[in-house]
Amino acid sequence: MDASEILNALKKDLREEEYQNYITHLKFNEKQSKADSLIFNAPNEFLAKFIQSKYAEKLAYIYEVQSGNKAKIFIQSQTHKSKNSAKIDIAHIKMQSTILNPSFTFDSFVVGGSNQYAYATCKAVSQKDKLGKLYNPIFIYGPTGLGKTHLLQAVGNVCLEMGKKVIYATSENFINDFNSHIINKTMDKFQEKYQNCDVLLIDDVQFLGKTDKIQEKFFFIFNEIRDQSGQIIMTSDNPPNMLKGITDRLKSRFANGIIADITPPQLETKIAIIRKKCEFNEVNLSNEIISYLATAMGDNIREIEGMITNLNAYSRLINQEISLEFAKEMMKDHIKEKKENITIEDILSIVSKEFNLKTSDIKSTKRTQNIVLARRIIIFLARELTSLSMPQLAVYFEMKDHTAISHNIKKINEIIEEDHNLKNKIEELKNKILIKSQS
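Calculation notes
- Residues numbered from 1 in each chain as written.
- Predicted model: local features only at pLDDT ≥ 70, side-chain atom pairs only at ≥ 80, totals over all residues.
- Heavy atoms only, no water.
- Buried < 20%, exposed > 50% of the residue type's maximum accessible area, 1.4 Å probe, protein only.
- Helix = DSSP H or I, 4+ residues; strand = E, 2+ residues; numbered from the N terminus.
- Pairing = 2+ DSSP bridges.
- Phe/Tyr/Trp six-rings, centres within 6.5 Å; stacked < 30°, edge-to-face > 60°.
- Lys NZ or Arg CZ within 6 Å of the ring centre and 35° of its normal.
- Arc of directions from axis to C-beta.
- Contact = heavy atoms within 4.5 Å.
- Salt bridge = Lys/Arg side-chain N within 4 Å of Asp/Glu carboxyl O.
- Expected span 1.5 Å × (residues − 1).
- Axes fitted to C-alpha atoms, helices over the stretch in contact; angles between N-to-C directions.
- Parallel < 35°, antiparallel > 145°, perpendicular 65-115°, else oblique.
- Left-handed = near helix turned anticlockwise from the far one by under 90°.
- Nonpolar A, V, L, I, M, F, W, Y, C, P; charged D, E, K, R; others polar.

1. Focus on the pairing of strand β6 (residues 199–203)
Okay, so step 1: β6 sits mainly inside the fold: five of its five residues count as buried.
Okay, so step 2: Because side chains alternate across β6, one face comprises the buried residues Val 199, Leu 201 and Asp 203, and the other comprises Leu 200 and Ile 202, equally buried.
Okay, so step 3: Relative to β6, strand β5 (residues 166–170) runs parallel, the two being bridged by five bridges. The residue bridging Ala 169 from the neighbouring strand is Ile 202, located in β6.
Okay, so step 4: Sheet topology places β6 next to strand β7 (residues 231–236); four bridges connect them, and they run parallel. Paired with Val 199 across the strands is Gln 231, a residue of β7.

2. Side note on the packing of aromatic side chains
Okay, so step 1: For the structure on display, the rule yields 14 aromatic pairs.
Okay, so step 2: Ring centres of Phe 190 and Tyr 194 lie 4.8 Å apart, and the angle between their planes is 50°; on these two criteria the pair is classed as tilted. Remark: Tyr 194 and Phe 190 occur in helix α8 (residues 187–195); sequence separation between them is four residues, near one turn of the helix. When sorted by exposure, Phe 190 lands in the same class as Tyr 194, which is buried.
Okay, so step 3: Following the ring pairs from residue to residue traces out a cluster consisting of Phe 139, Phe 174, Phe 178, Phe 190, Tyr 194, Phe 218, Phe 222 and Phe 254.
Okay, so step 4: Against the face of Phe 219 rests Arg 249, its NZ or CZ located 3.9 Å from the ring centre.
Okay, so step 5: Looking at Lys 363, its charged tip hangs above the ring of Tyr 396, at a distance of 4.2 Å from the centre.

3. Description of unusual backbone geometry
Okay, so step 1: In this chain, Asn 136 is followed by Pro 137 through a cis amide linkage whose omega measures 5°.
Okay, so step 2: Structurally, Pro 137 is set in the loop between α5 (116–125) and β4 (138–141).
Okay, so step 3: One non-glycine residue with positive phi stands out, namely Asp 204, at about 55°.
Okay, so step 4: Looking at where Asp 204 falls in the secondary structure, it is placed in the loop between β6 and α9 (212–227).
Okay, so step 5: Of the residues examined, Asp 204 reaches a relative accessible area of 29% and is grouped as partly exposed.

4. Some details on helix α10 (residues 248–255)
Okay, so step 1: Residues Leu 250, Lys 251 and Phe 254 constitute the buried set of α10. Angularly, the buried residues of α10 cover 100° about the axis, an arc narrow enough to put them on a single face.
Okay, so step 2: Buried residues along α10 sit in contact with β4, α9 and β7.

5. Some words on the pattern of salt bridges
Okay, so step 1: The full count for this structure, using the stated rule, is eight salt bridges.
Okay, so step 2: Here Lys 193 ties to Asp 177 by a salt bridge, and the two come within 2.7 Å at their closest N and O atoms. Of the two residues, Lys 193 is situated in helix α8 and Asp 177 in helix α7 (residues 171–183); the sequence distance between them amounts to 16 residues.
Okay, so step 3: The exposure class of Asp 177 is buried, given its relative accessible area of 14%.
Okay, so step 4: Among the ionic pairs, Glu 305 bridges to Lys 277, the shortest N-O distance being 3.6 Å. Separated by 28 residues along the polypeptide, Glu 305 in helix α13 (residues 301–317) and Lys 277 in helix α11 (residues 267–280) bring together distant segments of the chain.

6. Focus: helix α15 (residues 344–355)
Okay, so step 1: For α15, with twelve residues, the first-to-last C-alpha span of 17 Å sits near the 16 Å given by 1.5 Å per residue.
Okay, so step 2: Positive backbone phi, at 55°, marks Asn 356, one or two positions downstream of α15.

7. A look at the sheet that holds β4
Okay, so step 1: Across the sheet, which stays open at both edges, the five strands sit in the order β5-β6-β7-β4-β8 with parallel pairing between neighbours. Two strands in the sheet have a free side with no partner beyond their single neighbour: β5 and β8 (258–261). Neighbouring strand axes in the sheet, compared pairwise and without regard to direction, differ in orientation by 15° on average.
Okay, so step 2: Against the sheet, α5 makes contact with β4, β7 and β8, and its axis sits at roughly 135° relative to β8, the strand it touches most.

8. Side note on the packing of α8 against α9
Okay, so step 1: At their nearest, the axes of α8 and α9 sit 9 Å apart, and the two run at 40° to each other. As far as their axial angle goes, α9 and α8 are oblique. Considering how the two elements wind past one another, α8 and α9 form a crossing that is right-handed. Residues Met 187, Phe 190, Gln 191, Tyr 194 and Gln 195 of α8 lie in contact with α9, whose contacting residues are Lys 217, Phe 220, Ile 221, Glu 224 and Ile 225.
Okay, so step 2: Here the residues of the contact of α8 with α9 are counted per class, giving six nonpolar, two polar and two charged.

9. As for the pairing of β7
A regular strand places its side chains so that they alternate between the two faces of the sheet.
Okay, so step 1: Counted residue by residue, β7 has six buried out of six residues, so it is predominantly covered.
Okay, so step 2: What you see with β7 is no split at all: Gln 231, Ile 233 and Thr 235 on one side and Ile 232, Met 234 and Ser 236 on the other are buried throughout.
Okay, so step 3: With four bridges connecting them, β4 and β7 associate as parallel partners. For Ile 138, the partnering residue across the bridge sits in β7 and is Ile 233.

See below:
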């Protein structure tokens, strides 16, 4: 049989999205294949390694069943070539093998108010005529797990498809690469590798601040790429001016372009992200469970995706449908761990900022409408998120006794029964408080 036909045969065992995302990118390499070893080319190193580990054995089994012959399956990067291989297209020579996750695309990224600017900026420079010319450099910052790496690699994947030479590296990768070339006395090759790329993507640039030599080399590479109209995009946990250990001249270069932050998503965006993750992983969750996940967990999308995976895996193992009660039981230890560190001061601080009020006004006896509402929300959240009793809360707010606290809780419950916007706002505030308790 034609060896390429085993790819079509594998389609029966995979879900459509999985097949399209991975297997359709493979091309049978007839010239390098032999009777006992079949070679397929993948667009980049990451995809090659991923398919080799997950699908190679299945492909070998299908080939043996359908042809009667045994053969090992090898998946290699498209940039790999043997001594005897024919010349390949110049675009493939230029394309840099790099570790990019093929599922990190602009289409799979959920856009909301918290990330819209960063998304729009990255999407804009990913056009062939804008790369390296429109916004350069781009500096994206924000807490971990909110999608910075996703955007970075989405740009990389688009540029690879255009035949551009792309280098994606974390700061740790860059430092290890630097040290390796120092030991081997091949710094000329290190410099040539980085400064001759079309697109340089550096993740967690804040960790470059380890030695002056590394920063000096990065400074030189940065300038060379910029001078050659190459695109530079970086991510960090903080804006340039707040990076510790980074030299002023590097901070100046980082800030000399577009600075875009990604903040924790609003509740609606987080729900949309969870729906997208469930769709991609073929996990069926009710709207009720999705809302619970969005409000009960923090903003770290990787943690949320991990919980979705755990819920799905455990339900399959015990052959039980995922219900809200089941989800709460699975998540109870996770939520409990977060709540142990929450204080009334945490709640007061976050709610006062949200309502643009002084904490002293909220704790006072003032009765203006916005102050009363903020005070009731704090009492409501304190009862849910802390171990404080109603008498203790009464003392804190200098109220007559616990009945005053009970009255405020009753009133806020009545309001949110009618006002769903306020209910969502309170859930968002709870989420922010839970995040702060982890830091």
